Structures are given as structure tokens and as C-alpha cells.
Amino acid sequence: MKAARLHRYDDSIPPDSLTVEEIDEPKIENPFDVIVRVGAAGLCRTDIHVVEGQWAPIQDPDGTLLPYVLGHENSGWVEEVGSAVTNVEVGDTVICHPLMTCGLCMACRAGDDMRCENGEFPGLSRDGGFADLLKTNARAVVKLDPVLEPKDIAALADAGLTAYHAVRKSVPLLNAGTRAVVIGAGGLGHIGIQCLKAMTPAQVIVVDPNEKALDLAKDWGADETVQVGEGYLDTVLEMTDGQGAEVVFDYVGERGAEDDAWQMTRAGGSHYVIGYGGTVEVPTIDLISTERSIVGNLVGTYMDLAELMILTAQGKVTLHTSTYPLDAVNDAMQDLNNGNLRGRGILVPDGA
Ligand SMILES: [Zn+2]
Ligand SMILES: [Zn+2]
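All values derive from a computational prediction rather than experimental measurement.

Participant: How would you summarise the overall build of the chain if you had to cite specific residues and measurements?
Facilitator: Within the chain, the regular secondary structure consists of twelve helices and 16 strands. With the C-alpha coordinates of the chain rotated into their principal frame, the extents come out at 60 × 40 × 40 Å. Taking the intrachain contacts of the chain between residues at least 6 apart in sequence as the baseline, contacts between residues at least 24 apart amount to 69%. For the chain, the accessible area works out to roughly 15200 Å², and carbon and sulfur atoms hold 48% of it. Measuring between centres, the 25 positive side-chain charges of the chain sit 4 Å from its 53 negative side-chain charges.

Below, the structure written as C-alpha cells:
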């Protein structure tokens, strides 16, 4: 089968970062294995970080992982199942939760998929979905409403799931009359905005340096938009009675957004960290005197993904995408890295 593999780490993201080549097809080895014919695979900034080698100390400590297939936002059709698989059949349309979980550890039993003690991550710790076929397991696949097309929803497997998970946690905090600030109207933020509008009555204020992104944010349902620049923090504070928002979602997490997010969070409010790269530095006296919370968010659970797919089938969440053939994976990587990718990049194998 055809697959796009990483052969060497290189922090310059060269134009030949990945090699599109013929490799052996995955085989059913475990009774719970599921092989998916990939219909679409989302391209993520994490793929850039994988090429840069940022994940190597965690995913490849022995240096034995390369070459391997990237791609962790996958959707397609069930091609083959192991002997114990009962939840999907050959031909079903599925989206894959990014983690292959065991179902037996305490975290799995609590529904806390991302903390599975035996989890494996296709596209990060083993072969992923930039290929004709992907091997995952029965616990990872969510069977989809047939109205959904893999190329329209693949990126919800990770980007969408991450945005949804954070909003889902905030629902009890965002009653009528409350305000939510969304920092960053990009790949994750635009899904977060739609989830907020679908799931809470909060007024949604979106901040971003890019005017075009703010125009799109209005289309996604933002009540107010503020362009990041001189004095913008004061504008946001004025919109929130000078006190800040009940919940601030920081989908950026670096380049100063992590400081601004804290400034925009009102006393008793919550600062949700979703994007990463920077450092949150807060005096302890500010934390205790205002009882503000800083909340970390990591991808999402299987249930989060199942719920997000229902919102999507209802037409309440849609993805803004740019499609590339799998053969053009390196062009897509360059476009993402150079800021020339509009919406979420989606790779489609031949014939899918
Ligand atoms: Zn990702
Ligand atoms: Zn587990």
C-alpha cells in the first residue's frame, strides 16, 4: 500500500520531510484489531513537531521508531476486523479516537481514555493514517451516521475533539449571562466557538491578530470579535464589565497569549490552557486572592468524540478544510508550516 513515512527528524521541515512509498499492508494480529481503509487524514501542527523531533524523547526514546507513518486524525471505512470485534462491521464508516486504549486499566474503566496506562497512539507512537490502510482497535472506532463523509470530519478526531473536550468541561460554569473568551480563531478555535454556541448560552468573545480569522469567527457564531494589538486587553475588559470572563479558552498557549488569558479571567473564573508552547507564570497571591483556576486540557475521551459526532451530524459543527491528495503531503506540510494553509489540511488517499 501507499504510505507517507518519516525517515529522519529535521527541525528545518525540508520540502521532502516525508517519503511517499510502497510498504506492507497492516495485518490483523490481535482479536480486537480493526483495519480501516483511510478516507481522509487530518494534518496537524503536531505532525510538524514530530518531524522536528520534539516528540522523540517521549515516543522514540530508544531511537527505533523510524521509519514510520504519521497521521493521527483518521476517518474511513472498516476494511477488516479481528475475531472478537462486535461493535463495527466491514464497510462501516468510522472516525478513530486517536488513542488505542486497553479498556482494563483504572483510567479506562473511569472513561478517562487519554490516561490509559497501555495506550498506543497511531501516527505518534506507531504507524498512523497517512496511508491507504490504518490499524487501530475496536475501542478506538466510533461508528458514524452515514451522512458524514470522512474528508469532512477526519480533523474532528483530534483538533475537534480537543476543542470540544475543553468546552464540555466548562458547561457547568457558563450559565446565561456569563462571558467566554476564545483566544485564537484557527484550526481548534473555530470548532471551540461552534461548540460554545451549541452547548452554552454564554456570550462568546473571540480574539485573534488576523482580521480574516475574525471575520470567519463571526460566521462561526462569535458574538463579539477583538483584534489582538495595542490596547486590546482593555477592550475585552470593557466588554466584560471591567472584570474579565468567567472562562477564557487559550487555544494558542504561547507568544504572550498565555499571559493575556490570565489577565482576561475574572475573579472566580477559569483560565483553560489548550494550546501549548509557552509558560504560565502567576504570582501565588493572585491565585489565592481571586480564586481563579488554571485548567489543563488534553485531547478528549471516546465519549467526547461520540458526542461531537452527534453535534456534527446535526449540522451544529462544521469544519473549514483544504484537501490535498496523499501524494502531496509535503506540499501540505509546507503550507501549514508557512502559514499558507486555509482551514484544516486534509489528506485523501487515491481512490478514497
Ligand atoms: Zn493533532
Ligand atoms: Zn487502559
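Now that the structure has been shown, the text picks up again.
Participant: I'd like to hear about the coordination of the zinc ion (ligand 1), residue by residue, with values.
Facilitator: Reference geometry at the metal: tetrahedral coordination by four donors gives ideal angles of 109.5 degrees; octahedral coordination by six donors gives 90 or 180 degrees. For the zinc ion (ligand 1), every protein donor is listed as Cys44 (SG), His72 (NE2) and Asp158 (OD), and the spread of their distances is 1.8 to 2.2 Å. In primary sequence terms, the donor set of the zinc ion (ligand 1) follows C-x27-H-x85-D. Of this pair, Cys44 sits in the loop between strand E3 (33-42) and helix H1 (45-51) while His72 sits in the loop between strand E4 (68-69) and strand E5 (73-81), and the two are 28 residues apart along the sequence. The pair Cys44 / His72 is uniform in exposure class, with both members buried.

Participant: Describe the packing of helix H5 (residues 159-170) against helix H11 (residues 302-313), and please don't skip the residues or the numbers.
Facilitator: The geometry of H5 relative to H11 is characterised by a closest axis approach of 9 Å and an angle of 100 degrees between their N-to-C directions. In terms of their interaxial angle, H5 and H11 are classed as roughly perpendicular. Of the residues in H11, those touching H5 at Gly160, Leu161, Tyr164, His165 and Arg168 are Asp304, Leu305, Glu307, Leu308 and Leu311. For the contact of H5 with H11, a count of residues per class yields five nonpolar, two polar and three charged.

Participant: Can you explain the coordination of the zinc ion (ligand 2)? Please cite residues and give values.
Facilitator: Coordination of the zinc ion (ligand 2) by the protein is provided by Cys102 (SG), Cys105 (SG), Cys108 (SG) and Cys116 (SG), with metal-donor distances spanning 2.3 to 2.4 Å. One can describe the site at the zinc ion (ligand 2) as tetrahedral: its four donor atoms subtend angles covering 101 to 118 degrees at the metal. Read from N- to C-terminus, the donor residues coordinating the zinc ion (ligand 2) fall into the pattern C-x2-C-x2-C-x7-C. For Cys108, a relative accessible area of 7% corresponds to the buried category. For Cys116, a relative accessible area of 10% gives the class buried.

Participant: Outline helix H6 (residues 189-199), listing residues and values.
Facilitator: Counting buried positions along H6 gives eight out of eleven residues, so the element sits mostly inside the fold. For H6, the complete set of buried residues consists of Gly189, His190, Ile191, Gly192, Ile193, Gln194, Cys195 and Leu196. Taken together, the buried residues of H6 touch H5, strand E9 (179-183), strand E10 (203-208), helix H7 (211-220), strand E12 (245-250) and H11.

Participant: Summarise the pairing of strand E11 (residues 224-227); cite the residues concerned and give the values.
Facilitator: In terms of strand pairing, E10 meets E11 through four bridges, oriented parallel. Residue pairing in the sheet places Asp208 in a bridge with Gln227 of E11. Crossover connection from E10 via H7 to parallel E11: handedness right-handed.

Participant: Tell me about the nonpolar core, and name the residues and values.
Facilitator: When a protein is soluble and globular, its nonpolar side chains tend to lie buried together. Judged by nonpolar contacts, the single largest core of 94 residues is most densely connected at Leu18, Ile95, Phe130, Leu156, Val206, Phe249 and Met309. Counting residues per element, this core draws most heavily on E3, which supplies six residues. Split by domain, the residues of this core number at least three in each of domain 1 (2-157 + 300-348) and domain 2 (161-296). Val207, Val226, Val236 and Ala257 belong to the second-largest nonpolar core, a separate cluster that totals twelve residues.

What counts as what
Residues numbered from 1 in each chain as written. Chains lettered and ligands numbered in written order. Predicted model: local features only at pLDDT ≥ 70, side-chain atom pairs only at ≥ 80, totals over all residues. Heavy atoms only, no water. Helix = DSSP H or I, 4+ residues; strand = E, 2+ residues; numbered from the N terminus. Contact = heavy atoms within 4.5 Å. Areas by Shrake-Rupley, 256 points an atom, 1.4 Å probe, with all protein chains shown as cover. Lys, Arg positive; Asp, Glu negative; His and termini not counted. Charge placed at Lys NZ, Arg CZ, Asp CG, Glu CD. Donors = N, O, S within 2.8 Å, 3.2 Å for Na, K, Ca; no water. Buried < 20%, exposed > 50% of the residue type's maximum accessible area, 1.4 Å probe, protein only. Axes fitted to C-alpha atoms, helices over the stretch in contact; angles between N-to-C directions. Parallel < 35°, antiparallel > 145°, perpendicular 65-115°, else oblique. Nonpolar A, V, L, I, M, F, W, Y, C, P; charged D, E, K, R; others polar. Tetrahedral: all angles 85-135°; square planar, octahedral: opposite > 155°, others 65-115°. Pairing = 2+ DSSP bridges. Right-handed = clockwise from strand over helix to strand, strands pointing away. Core = buried A, V, L, I, M, F, W, Y, C linked by side-chain atoms within 4.5 Å. Domains from an automatic or database assignment.

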